[in-house]
Amino acid sequence: MSDSEVLSIDANATIEELELHIGVLTERLNAMRRAASGYEVPDYTFQTQDGETRLSDLFAGWDKLFVIHNMGQGCRSCTLWADGFNGFVPHLESAMAVVLVSKDDPETQRLFANSRGWRFRLASHAGGDYMREQIATPDYDNMPGAALYERKDGKIVRKNSVFFGPGDIFCSVWHILALAGYSEDDWTPQFNYWLRPRELDDGGENVLG
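My aim in this report is to walk through the structure given alongside it, one point at a time. Just so it is clear, the structure is predicted and the values come from calculations on it, not from any experiment.

**A word on the overall build of the chain**
Looking only at helices and strands, the chain has seven helices and eight strands in total. Here the chain has a C-alpha radius of gyration of 21 Å; the compact-globule value for 209 residues is 17 Å, and the former is much larger. Principal-axis analysis of the C-alpha atoms places the extent of the chain at approximately 65 × 60 × 35 Å. Put simply, the chain has 209 residues, and 33% of those count as buried. Counted over contacts in the chain with a minimum sequence separation of 6, partners at least 24 positions apart contribute 62%. Distance from the positive charge centre (19 side chains) to the negative charge centre (32 side chains) of the chain: 8 Å.

The structure is reproduced here in structure tokens:
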């Protein structure tokens, strides 16, 4: 057996060991999330295409509400995360309410969602109190992520939350790319992947992009 083959076997063994360890830590993390008591939050106001609504209304009859914090149509990475969640919407909505919020106005949200084929319910916080108090961090005023709210005894409780970033566990694309040898520095998400040919058979007049 060559030295390279030995190194490959050793590397695979280390990878398997790390995967098992990550699995154990993930189980512990999720157990802590299930046990989290959370804290009460205000009944924030949002805008939708149907007019003003409140955080309590977004529960839509459920006791749990999953809110996706999207930075808006100008963020390619936020679009990538939402593209991934979109496939899970029917499954998630069998257990809780789901809504995607951003600072974009309702009309802009809907146009962009339609262009991506998103099935989320949408609401705009317009960069107001919800963004400042539920999304912002000391370093970023509009941080992508998500929060899980519950209704308890007439109160709205923020049970769990998470911030999104390249390589996190909430976007499987990064882990698939890692299997292929790519890191976050090697690949950047785009809104679409059409590459304009150097020469167009139709002459190329009025081509956008």
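Now that the structure has been shown, we can carry on.
**Observations regarding the packing of aromatic side chains**
A complete count under the given rule lists twelve aromatic pairs for this structure. Each residue in the set F66, W81, F85, F164, F170, W174 and W187 is aromatic and connected to the rest through ring pairs, giving one cluster.

**Describing helix 5 (residues 106–116)**
Among all positions of helix 5, only P106, T108, Q109, F112 and A113 are buried. Take helix 5 and look down its axis: the buried residues cluster within an arc of 160 degrees, on one side only. In helix 5, the exposed residues that point more than 90 degrees away from the buried face are L111, N114 and S115. Those residues of helix 5 that are buried are in contact with strand 2 (45–48), helix 3 (76–86), strand 5 (97–102) and strand 6 (121–124). Of the residues flanking the start of helix 5, the one acting as N-cap is D105, its side-chain oxygen 3.1 Å from the backbone nitrogen of E107.

**Looking at the nonpolar core**
Nonpolar side chains in soluble globular proteins tend to end up buried together. With 22 residues, the main nonpolar core has F66, I68, W81, L100, W118, F120 and F164 as its most contacted residues. Sorting the residues of this core by element identifies strand 4 (64–69), helix 3, strand 5, helix 5, strand 7 (145–152) and helix 7 (172–179) as the ones contributing at least two each. Per-element accounting of this core gives the leading share, four residues, to helix 3. For L100, the contacting residues outside a window of four places in its chain are I68, N70, A82, Q109, W118, F120, R121, L122 and A123. Membership of the second largest hydrophobic core comes to 19 residues, among which are Y44, V67, V99 and Y149.

**Points about empty space enclosed by the protein**
Counted under the stated rule, the structure contains one cavity of 30 Å³ or more. Reported here for the largest cavity is a volume of approximately 60 Å³. Taken together, N70, G72, Q73, L100, S102, D104, Q109, F112, A113, W118 and L122 form the lining of the largest cavity. Of all the secondary structure elements, the ones that give two or more residues to the lining of the largest cavity are strand 5 and helix 5. The element best represented in the lining of the largest cavity is helix 5, accounting for three residues.

**Digging into a negative patch on the surface**
Together, E199, D201, D202 and E205 line one region of the surface with negative charge. As for its position among the elements, D202 is in the segment after helix 7. Residue class for D202 comes out exposed when judged on its relative accessible area of 59%.

Procedures and definitions
- Residues numbered from 1 in each chain as written.
- Predicted model: local features only at pLDDT ≥ 70, side-chain atom pairs only at ≥ 80, totals over all residues.
- Heavy atoms only, no water.
- Helix = DSSP H or I, 4+ residues; strand = E, 2+ residues; numbered from the N terminus.
- Rg over C-alpha atoms; globule rule 2.2 N^0.38 Å.
- Buried < 20%, exposed > 50% of the residue type's maximum accessible area, 1.4 Å probe, protein only.
- Contact = heavy atoms within 4.5 Å.
- Lys, Arg positive; Asp, Glu negative; His and termini not counted.
- Charge placed at Lys NZ, Arg CZ, Asp CG, Glu CD.
- Phe/Tyr/Trp six-rings, centres within 6.5 Å; stacked < 30°, edge-to-face > 60°.
- Arc of directions from axis to C-beta.
- Polar contact = N/O pair within 3.5 Å; in protein donor to acceptor, adjacent residues only side chain to side chain.
- Core = buried A, V, L, I, M, F, W, Y, C linked by side-chain atoms within 4.5 Å.
- 1 Å grid on protein atoms, 1.4 Å probe; cavity = no way out; pocket = protein on both sides within 12 Å on 5 of 7 lines; lining within 4 Å.
- Points joined across faces, edges and corners; volume = space filled by probe spheres on them.
- Patch = residues over 30% accessible without salt bridge, like charges linked within 9 Å, V, L, I, M, F, W, Y side chains within 5 Å.
- Areas by Shrake-Rupley, 256 points an atom, 1.4 Å probe, with all protein chains shown as cover.
- Salt bridge = Lys/Arg side-chain N within 4 Å of Asp/Glu carboxyl O.

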